[in-house]
Amino acid sequence: MKYNSTRDNSVSVTSAEAIVKGLSVEGGLYIPDSIPSVSLEAIEEMANMSYTDRAKRILGLFLNDFKAGEIEDCVNKAYTREKFGTNSIAPVYKLDKDRCILELWHGPTCAFKDMALQILPHLLTTAVKKLGDEKEIVILVATSGDTGKAALEGFRDVEGTKIIVFYPESGVSGIQRLQMCTQEGGNVFVSAVNGNFDDAQTGVKEIFTDKEYNETLEAKGISLSSANSINWGRLAPQIVYYFSAYCDMLAAEELSVGEPVNVCVPTGNFGNILAAFYAKRMGLPIKTLICASNSNNVLTDFINTGTYDRNREFFTTISPSMDILISSNLERLLYILSDGNASEVKGYMDELKASGRYTVSEKIFAAVRENFQAGYADDDKCRATIKRIQEEFGYVIDPHTSVAVAVHEEYRERTGDDTKTIIASTASPFKFNGDVLAAILDGEELEDKDEFELLRLLSQRFNLAVPPSLGELEDREVRFETVCDKSMMKAVVNEFLG
Ligand SMILES: *Cc1c(COP(=O)(O)O)cnc(C)c1O
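To start, this report covers the structure provided alongside it.

**Here we look at the overall build of the protein**
Scanning the protein for helices and strands turns up 23 helices and 16 strands. A compact globule built from 498 residues would reach a C-alpha radius of gyration of about 23 Å, and the protein, at 22 Å, matches this within 12%. Referenced to the eigenvectors of the C-alpha coordinate spread, the extents of the protein come out at roughly 60 × 55 × 45 Å. A buried classification covers 58% of the 498 residues belonging to the protein. Counting contacts in the protein only where the partners sit at least 6 residues apart, residues at least 24 apart contribute 74% of the total. Total accessible area on the protein stands at roughly 19,400 Å², and carbon and sulfur atoms take up 46% of it. Positive and negative charge centroids in the protein, built from 51 and 75 side chains respectively, lie 3 Å apart.

**Here's the deal with the site of the ligand**
In the region of the ligand, 15 residues are neighbours, and Lys113, Gly268, Asn269, Asn272 and Thr426 sit closest. Backbone polar atom of glycine 268 to an oxygen atom of the ligand: 2.7 Å apart, as the coordinates give it. Serine 321 places a polar side-chain atom, nitrogen or oxygen, 3.4 Å from an oxygen atom of the ligand. Against a free-state accessible area of 390 Å², the protein chains account for coverage of 96% of the ligand. Grouping the amino acids of the shell around the ligand by side-chain chemistry returns five nonpolar, eight polar and two charged.

**Side note on the sheet that holds strand S3 (residues 30-32)**
Two orientations exist for strands paired in a sheet by backbone hydrogen bonds: parallel and antiparallel. Taken together, the three strands give an open sheet; going across it, the order is S2-S1-S3, and neighbouring strands pair in antiparallel fashion. Every interior strand has two partners, whereas the edge strands, strand S2 (8-13) and S3, have only one. Here the strands of the sheet are splayed against their neighbours by 40 degrees on average, with no regard to which way each runs. Bridging between strand S1 (residues 3-5) and S2 involves two bridges; their strand directions are antiparallel. Its bridge partner being in S2, tyrosine 3 is matched across the sheet by valine 13.

**Focus on the side chain of glutamine 179**
Assignment of secondary structure puts glutamine 179 in helix H9 (residues 174-181). Leave out the neighbours within four places in its chain, and glutamine 179 touches Thr109, Lys149, Lys431, Leu470 and Leu473.

**Describing the side chain of aspartate 417**
The residue aspartate 417 is located in the loop between helix H19 (399-415) and strand S15 (421-425) in this model. Relative accessible area serves as the criterion here: at 12%, aspartate 417 is assigned to the buried category. Side-chain polar atoms of aspartate 417 contact the side chain of threonine 419, separated by 2.5 Å. Setting aside residues up to four positions removed in sequence, aspartate 417 forms contacts with Asn262, Lys287, Thr288, Tyr411 and Arg412.

**Things to note about the packing of aromatic side chains**
Under the definition given, this model contains 16 aromatic pairs. Among the aromatic residues, ring-to-ring pairing joins Tyr3, Phe62, Trp232 and Tyr278 into one connected group. Across the ring face of phenylalanine 66, the terminal group of lysine 130 is positioned such that the distance to the ring centre comes to 5.5 Å. A cation over an aromatic ring shows up here: lysine 490 above the ring of tyrosine 213, its NZ or CZ 4.9 Å from the ring centre.

**Some details on the nonpolar core**
Among the nonpolar cores identified, the biggest contains 135 residues, and Leu63, Tyr242, Phe243 and Tyr358 are the most heavily contacted of them. Among the elements that make up this core, the one with the highest residue count is helix H12 (residues 232-251) (13 residues). If we skip the residues at most four places from it in the chain, phenylalanine 243 touches Val38, Ile43, Met46, Ile58, Ala279, Met282 and Leu284. Core analysis: the next-biggest nonpolar cluster, separate from the first, contains 41 residues, Ala377, Cys382, Ile423 and Ala427 among them.

**Concerning the sheet that holds strand S10 (residues 261-266)**
Taken together, the six strands give an open sheet; going across it, the order is S4-S5-S15-S10-S11-S14, and neighbouring strands pair in mixed fashion. At either end of the open sheet lies a strand with only one pairing partner, and these are strand S4 (92-96) and strand S14 (372-376). Pairwise comparison of adjacent strand axes, ignoring direction, gives a mean angle of 25 degrees for this sheet. Examined bridge by bridge, S10 and strand S11 (residues 286-293) share five bridges and lie parallel to one another. Within S11, the residue paired with proline 266 across the bridge is alanine 292. Sheet contacts for helix H17 (residues 362-371): S11 and S14; angle to S14, the most-contacted strand, approximately 75 degrees.

**Examining helix H8 (residues 146-155)**
In terms of burial, H8 is largely enclosed, as nine of its ten residues are buried. Looking at the packing, one finds that the buried side of H8 touches helix H6 (113-117), helix H7 (120-130), strand S6 (136-142), strand S7 (161-168), H9 and strand S8 (188-193). Looking at the residues trailing H8, positive phi occurs at aspartate 157, about 60 degrees.

**Points about helix H13 (residues 271-282)**
End to end, H13 covers 17 Å across twelve residues, agreeing with the expected 16 Å (1.5 Å per residue, within 8%). By the criterion of burial, H13 is predominantly enclosed, with ten of the twelve residues buried. Turning to H13, its buried residues are Gly271, Asn272, Ile273, Leu274, Ala275, Ala276, Phe277, Tyr278, Ala279 and Met282. Once H13 ends, the next one or two residues include glycine 283, with phi positive near 120 degrees.

Rules used throughout
Residues numbered from 1 in each chain as written. Predicted model: local features only at pLDDT ≥ 70, side-chain atom pairs only at ≥ 80, totals over all residues. Heavy atoms only, no water. Helix = DSSP H or I, 4+ residues; strand = E, 2+ residues; numbered from the N terminus. Rg over C-alpha atoms; globule rule 2.2 N^0.38 Å. Buried < 20%, exposed > 50% of the residue type's maximum accessible area, 1.4 Å probe, protein only. Contact = heavy atoms within 4.5 Å. Areas by Shrake-Rupley, 256 points an atom, 1.4 Å probe, with all protein chains shown as cover. Lys, Arg positive; Asp, Glu negative; His and termini not counted. Charge placed at Lys NZ, Arg CZ, Asp CG, Glu CD. Near = heavy atom within 4 Å. Polar contact = N/O pair within 3.5 Å; in protein donor to acceptor, adjacent residues only side chain to side chain. Nonpolar A, V, L, I, M, F, W, Y, C, P; charged D, E, K, R; others polar. Pairing = 2+ DSSP bridges. Axes fitted to C-alpha atoms, helices over the stretch in contact; angles between N-to-C directions. Phe/Tyr/Trp six-rings, centres within 6.5 Å; stacked < 30°, edge-to-face > 60°. Lys NZ or Arg CZ within 6 Å of the ring centre and 35° of its normal. Core = buried A, V, L, I, M, F, W, Y, C linked by side-chain atoms within 4.5 Å. Expected span 1.5 Å × (residues − 1).

Keep in mind these numbers describe shape, not what the thing actually does.
Right under this line is the structure:
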């Protein structure tokens, strides 16, 4: 299998090259030139396997320039009981007879980004070795919160790598700041940037595109790289857990082999739901993919009308990881649904850049409608859903998961489709303790409480264990206190690299 670019079909690289480069030179995303299929017999066989064995199977289909032993090594380092607190890695919780919640937040940072970022560093360092390029990899990340911490945890103490994370001084939650500033590891550095997320992001982009600077680093044996969600090395591991969820449901006799399910995903950059689409194309019996958004409902409109239009008000919501108006991974879907028409896709992306909008062809739109449904839930709806699910089932969900639950309920009502549904749960409720508690309890109870009192309250009230990685933040030493101006970011990088 080779990887093409979504904007240029003459590009053809191995998966190792796709992972190391991240983005194709003309700006396109790497995409496999075919989609492997998995038979129902193979799915049935996987029902009796561990998560790690399922991961080796599925990843092996896409990373076929990796040796089986290399994939095995990466998988075994990433998905351990020690890091995920459970051998199931991504357990399925049965909410009621029609709904299963796929808990993707048992990793070290309590959000689903761990599913990909725990394995990416190992895939990346293995790929670098395979290419015979023994450069040191320096990861630069600008983060609005979740990604930075998940990348720090993934790359900490991974040989041959260093990682530097910039977060906006004004713009991350108290817990998120603590998670980053207390980060352990000998190869990590964290700095706040005066400004908002865009400032941090622009600063990092400037460093990446500074040709002279990159050449100086290359001469010293250093190669800059990003860990963002368009890297194929982040997408491929996400396909695994959809197979795994179906297999777990088979093993629990919740499903019979071949029985269709729907999948509902709280969506931002379109990575997670694209992984579910891949699973469907590979043969996993998925009927409908339900794309759930918050008030930033650019994808809802796209799926319902065929027009993508980012020219709209931006809302800051209680599900911040979905506050996105440009869903980068959608480009891969357009490529697949256009049957690999790179020039058509490039045209849409040029329009998006120039005017902020594009309308897809009849052919693509029909294919979108065949596979996807969409809806959105605003903050009020999201809070009401957290409260109702807690009261009805004694199960506490975070705001991102709540958006998906609400959108799925609305879909079921609108269509009468009561197919069993896997709902992706992307964060632990503890990570968004304040908003979750405010949705369920009376506001007075929460007044004047700090983050750690809120963690304990959530734990005591609903009889849930505080995730150790969050609870222990209280006693952790703050290691990073640098705050810099945007113009000083390169100097910060230089100082860290010596
Ligand atoms: C990143 C994130 C999402 C969005 O996932 P995409 O792959 O970008 O669509 C949803 N929920 C949480 C908690 C996240 O961290």
